[in-house]
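# Reading the structure
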Amino acid sequence: MRVMTYNLHGCVGTDGRYDPERILEVIRETGPDILGMQEVRNNTGTGLELLDFMCRAYPDYHLIFGKTLKDSRGDFGNALFSRYPLVEYLDVDLEKSAGYPGRMIRPEARRAIFARVDLGGEQLWVVVTHLDLRKRLRKGQGRLLVQAIRRYTRPSKDAVVFMGDLNEWRLLNPFLRSLDQLFSKHVTKRSFPSRFPLLPLDRIWISGKLRRNVTRVHRSRLARRASDHLPLYMDLSF
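The present account deals with the structure reproduced in this document. Keep in mind that what you see is a predicted model, and the values were worked out from it rather than measured. (Residues numbered from 1 in each chain as written. Predicted model: local features only at pLDDT ≥ 70, side-chain atom pairs only at ≥ 80, totals over all residues. Heavy atoms only, no water.)

## Brief notes about the packing of aromatic side chains
Tallied over the entire structure, the rule returns 6 aromatic pairs. Seen from their ring centres, Phe 162 and Phe 183 are 6.4 Å apart, and the 20 degrees between their planes marks the pair as stacked. Within this pair, whereas Phe 162 is found in strand E8 (residues 159-165), its partner Phe 183 is found in the loop between helix H4 (174-182) and strand E9 (185-188), the two being separated by 21 residues in sequence. Ring-pair connections join several aromatic residues into one group, and the members of that group are Tyr 58, Tyr 61 and Phe 81. (Phe/Tyr/Trp six-rings, centres within 6.5 Å; stacked < 30°, edge-to-face > 60°. Helix = DSSP H or I, 4+ residues; strand = E, 2+ residues; numbered from the N terminus.)

Written out as structure tokens, the structure is:
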């Protein structure tokens, strides 16, 4: 089973061009079974919708879109795409006590998708999120996220995958340490910026019921143009 996290940058590539079909081709190159996406555009009114393209290309897959922003160009948010049926779905708010002062502009809500996936005899929880660029807000969102993971999943007993763009690159970080205490394995690789990756912003954690076989950042020529992030994927087995 291959799981992948991918920040799409709204399907705008490093050449400044909006091209969802290019993102779809990167997804074809990597072939994930479960894909967590951030900065997904939907309902743009252009007739060029990535999620529509994906559903036509993979008619047997299952899709969840979690809106975090609505603007003049349509909806924007996180998404989960899975070849396996989705049994249960939660859209968790990460802002209730994240520390926004009244005068601060809030361009995008921060939320997390929690989904329970049926693997045909085995159950897998998948969590997908995208945290804030601002350190103080990210700290509050991280605290709420850890609480939600404890509330809805059991990483010590269940099969759980947590992935996303955490906008965090420092190693000595209390939030990352708290996640490492919940999960048995944590991987990240330099994925940003896509042309010359320097920062490990995209990460995947897995619980003890899962075994990591391979972890890679996909560095194809197309992937370096399609988004400002490279996709990070992991091959797993039970």
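Let's pick the thread back up.
## Some remarks on the sheet that holds strand E6 (residues 111-118)
Each strand in a sheet pairs with another by means of backbone hydrogen bonds, the pair being arranged parallel or else antiparallel. Strand order in the open sheet formed by 6 strands is E5-E6-E7-E8-E10-E9, and the pairing between neighbours is mixed. The sheet is open, and its two borders are formed by strand E5 (86-93) and E9, each paired with just one other strand. Averaged over all neighbouring strand pairs, the angle between strand axes comes to 15 degrees, with direction disregarded. With 7 bridges joining them, strand E7 (residues 123-130) and E8 adopt parallel strand pairing. Residue pairing across strands places Leu 124 opposite Ala 159, the latter belonging to E8. This element, helix H3 (residues 135-152), spans E5, E6, E7 and E8 of the sheet and lies at about 25 degrees to E6. Against the sheet, H4 contacts E8, E9 and strand E10 (202-206), and its axis sits at roughly 30 degrees relative to E10. (Pairing = 2+ DSSP bridges. Axes fitted to C-alpha atoms, helices over the stretch in contact; angles between N-to-C directions. Contact = heavy atoms within 4.5 Å.)

No statement about biological role is implied by the geometric values presented.
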